[in-house]
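So you can see what is in the structure, the chains are spelled out below.
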Amino acid sequence: MSKTYTHFADDNDYRREELIRTIEHAVEQLSTAELEAVYYDLLTKDYIR
C-alpha cells in the first residue's frame with residue numbers, strides 16, 4: 001500500500017528517516033578499517049566538524 005501525502009514536508013521527513021535507517025544499517029556492517037575510511041572521507045569533505 002502506498003502512502004498518501006498531504007504536505008511535501010511530510011514526504012521529505014519520511015525520506016530522511018528512511019535514508020538514516022539505511023545508512024545506520026550499512027554502517028553497522030562495516031569493519032573498523034572501513035569505518036575509519038568513511039570517517040576520514042567525511043572529515044576531509046567537512047561533513048564532520
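Details of the structure are given in the entry above.
Attention in this report is confined to the structure presented alongside it.

Definitions and limits used
- Residues numbered from 1 in each chain as written.
- Predicted model: local features only at pLDDT ≥ 70, side-chain atom pairs only at ≥ 80, totals over all residues.
- Heavy atoms only, no water.
- Helix = DSSP H or I, 4+ residues; strand = E, 2+ residues; numbered from the N terminus.
- Buried < 20%, exposed > 50% of the residue type's maximum accessible area, 1.4 Å probe, protein only.
- Areas by Shrake-Rupley, 256 points an atom, 1.4 Å probe, with all protein chains shown as cover.
- Salt bridge = Lys/Arg side-chain N within 4 Å of Asp/Glu carboxyl O.
- Expected span 1.5 Å × (residues − 1).
- Patch = residues over 30% accessible without salt bridge, like charges linked within 9 Å, V, L, I, M, F, W, Y side chains within 5 Å.
- Lys, Arg positive; Asp, Glu negative; His and termini not counted.
- Charge placed at Lys NZ, Arg CZ, Asp CG, Glu CD.

## Section: the overall build of the protein chain
Moving on, step 1. Check the secondary structure of the protein chain and you find two helices and zero strands.
Moving on, step 2. Across the 49 residues in the protein chain, those meeting the buried criterion constitute 0%.
Moving on, step 3. Only carbon and sulfur atoms are counted for the fraction: they give 56% of the accessible area of the protein chain, which is about 4,900 Å².

## Notes on the pattern of salt bridges
Side chains carrying opposite charge are able to pair once their charged atoms draw close together.
Moving on, step 1. Scanning all chains against the criterion turns up three salt bridges.
Moving on, step 2. Its salt-bridge partner being Arg15, residue Glu18 comes within 2.9 Å of it at the nearest N-O pair. Here the residue Glu18 and the residue Arg15 both occupy positions in helix α1 (residues 8–28), the gap between them amounting to three residues, near one helical turn.
Moving on, step 3. Given the relative accessible area of 42%, Arg15 is considered partly exposed.
Moving on, step 4. Ionic pairing is found between Arg49 and Asp46, a salt bridge with its closest N-O pair at 3.5 Å.

## Things to note about unusual backbone geometry
Moving on, step 1. Phi at Asp46 is positive, roughly 65 degrees, even though this residue is not glycine.
Moving on, step 2. Checked against the element boundaries, Asp46 lands in the segment after α2 (32–44).

## A word on α2
Moving on, step 1. Under the 1.5 Å per step criterion, the end-to-end length of α2 is 18 Å for 13 residues, consistent within 8% with the ideal 18 Å.
Moving on, step 2. Asp46 lies just past α2 and shows a positive phi near 65 degrees.

## A short note on a negative patch on the surface
Moving on, step 1. On the surface, Asp10, Asp11, Asp13, Glu17, Glu24 and Glu28 cluster together into a negatively charged patch.
Moving on, step 2. Tracing the backbone shows Asp10 in helix α1.
Moving on, step 3. By relative accessible area, Asp10 is classed as partly exposed at 36%.

## A few points about a nonpolar patch on the surface
Moving on, step 1. Together, Leu19, Ile23, Val27 and Leu35 make up a nonpolar patch on the protein surface, roughly 310 Å² of accessible area in all.
Moving on, step 2. Here the nonpolar patch takes three residues from α1, the largest share from any one element.
Moving on, step 3. In this fold, Leu19 is placed in helix α1.

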